[in-house]
Amino acid sequence: MASRKSRPERRQEPLSRERIVAAAVELLDTVGEGGLTFRALAERLATGPGAIYWHVTGKNELLAAAVDAVIAPTLAGDDTGTTPQEAIRSLALGVFDAIDAHPWVGTTLAQLPRTPGKSPMLRVFERIGRQVQALRVPEAAQFTAASALLSYILGVAGQNAANTRAAQANADRANTDQANTDRAAFLDAVATAWRELDPDQYRFTRDVAGQLREHDDRAEFVAGIDLILAGITAGRADGRTRP
């Protein structure tokens, strides 16, 4: 009599919200937002979609939780002993690096519904706002200052991640993993094209073409943060800060 084959274990660990979110992050890193379905997630977790719905009500909640999981490490640091400028700079770089490592975060944030009080970036906004208050920005201008910083961080980090994703896609199509080389080649091509623009219509763009070719995304990002902070502190110092 033939022996009955044993069925493989479906799950080694109890299913939990934390495991589901971690698996969702892995899936998003691999296939992007379009590939995140409850069916694909269930296959990765070796369970059924119904078991996932017990912990997460829908895709929007799952995406928000995945963003929170990616951003959470940037909020784990202690600002004690740092200036407000240093704390904001460190937080901004943490978010920049997190989105660079997980490019789907930028597009996901734009797609999530604006549910009052439940934004995945609310804790980042709170952290920035406390440092704005520590800079002694007038109360009427604090929202504007914190919002400007958050918008800059998300906008630049998201665009950088999109550019990185596009460069990697081009590298994949060319069957090569030289994404950095592709980026350098892309910037060189754009800078060359800028230099060939009409000098009357695009004088400034032609002048900075060389800087585009040689710039570092992360350094430029920090420089932008410093410009905003300089404006905030200058406005506070001479009383020009307005809501």
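Bear in mind the structure is a predicted one, so any value in this text is a computation, not a measurement.

1. Details of the overall build of the protein
Right, on to step 1. Counting secondary structure elements, the protein contains 12 helices and 0 strands.
Right, on to step 2. The N-to-C order of helical and strand elements in the protein reads α-α-α-α-α-α-α-α-α-α-α-α.
Right, on to step 3. Among the 243 residues that make up the protein, the fraction classed as buried is 35%.
Right, on to step 4. Across the protein, the fraction of contacts at a sequence separation of at least 24, relative to all contacts at a separation of at least 6, is 68%.
Right, on to step 5. As displayed, the protein has an accessible area near 14900 Å², and 52% of this comes from carbon and sulfur atoms.

2. As for the pattern of salt bridges
Right, on to step 1. Counted according to the given criterion, the structure contains 8 salt bridges.
Right, on to step 2. Note that Arg44 and Glu26 form a salt bridge whose closest N and O atoms lie 3.4 Å from each other. Highlighted residues: Arg44 in helix α2 (residues 38–45) and Glu26 in helix α1 (residues 17–31), separated in sequence by 18 residues.
Right, on to step 3. Note on Arg44: relative accessible area 39%, which makes it partly exposed.
Right, on to step 4. In this structure Glu26 comes out as partly exposed when scored by relative accessible area, which is 44%.
Right, on to step 5. A salt bridge links Asp226 to Arg89, with the shortest nitrogen-to-oxygen separation between them at 2.9 Å.

3. Here we look at the packing of aromatic side chains
Right, on to step 1. Taken as a whole, this structure holds 4 aromatic pairs when the rule is applied.
Right, on to step 2. Ring geometry for Tyr152 and Phe221: centres 5.6 Å apart, planes at 15°, overall stacked. Taken together, the residues Tyr152 in helix α8 (residues 139–173) and Phe221 in helix α12 (residues 217–238) connect sequence positions 69 residues apart.
Right, on to step 3. Judged by relative accessible area, which is 1%, Phe221 ranks as buried.

4. Side note on helix α7 (residues 122–134)
Right, on to step 1. A rise of 1.5 Å per residue sets the reference length of α7, with its 13 residues, at 18 Å; its end C-alpha atoms lie 18 Å apart and thus fit the reference within 8%.
Right, on to step 2. Along α7, the residues that are buried comprise Val124, Arg127, Ile128, Gly129, Gln131 and Val132.
Right, on to step 3. Once α7 ends, the next one or two residues include Arg136, with phi positive near 60°.

5. Describing the confidence of the model for the protein
Right, on to step 1. Of the residues in the protein, 82% reach a pLDDT of 70 or more, and the chain-wide mean stands at 84.
Right, on to step 2. Considering only residues more than four positions removed or in separate chains, one finds that residues 1–11, a stretch of pLDDT under 50, has 8 contacts.

6. Details of helix α4 (residues 59–71)
Right, on to step 1. An ideal rise of 1.5 Å per residue puts 18 Å on 13 residues; α4 measures up with 18 Å between its terminal C-alpha atoms.
Right, on to step 2. Taken together, the buried positions of α4 are occupied by Leu62, Leu63, Ala64, Ala65, Ala66, Val67, Val70 and Ile71.

7. Points about the packing of α4 against helix α6 (residues 104–111)
Right, on to step 1. Where α4 contacts α6, the two axes come as close as 10 Å, and the packing angle between them is 135°. As the angle between them shows, α4 and α6 are arranged oblique. You can see that α4 and α6 cross each other, and the crossing is left-handed. Taken together, the residues of α6 that come into contact with α4 (itself represented by Leu63, Ala66, Val67 and Val70) are Trp104, Val105, Thr108 and Leu109.
Right, on to step 2. Split into classes, the residues belonging to the contact of α4 with α6 amount to 7 nonpolar, 1 polar and no charged.

Rules of the game
Residues numbered from 1 in each chain as written. Predicted model: local features only at pLDDT ≥ 70, side-chain atom pairs only at ≥ 80, totals over all residues. Heavy atoms only, no water. Helix = DSSP H or I, 4+ residues; strand = E, 2+ residues; numbered from the N terminus. Buried < 20%, exposed > 50% of the residue type's maximum accessible area, 1.4 Å probe, protein only. Contact = heavy atoms within 4.5 Å. Areas by Shrake-Rupley, 256 points an atom, 1.4 Å probe, with all protein chains shown as cover. Salt bridge = Lys/Arg side-chain N within 4 Å of Asp/Glu carboxyl O. Phe/Tyr/Trp six-rings, centres within 6.5 Å; stacked < 30°, edge-to-face > 60°. Expected span 1.5 Å × (residues − 1). pLDDT = per-residue confidence, 0-100. Axes fitted to C-alpha atoms, helices over the stretch in contact; angles between N-to-C directions. Parallel < 35°, antiparallel > 145°, perpendicular 65-115°, else oblique. Left-handed = near helix turned anticlockwise from the far one by under 90°. Nonpolar A, V, L, I, M, F, W, Y, C, P; charged D, E, K, R; others polar.

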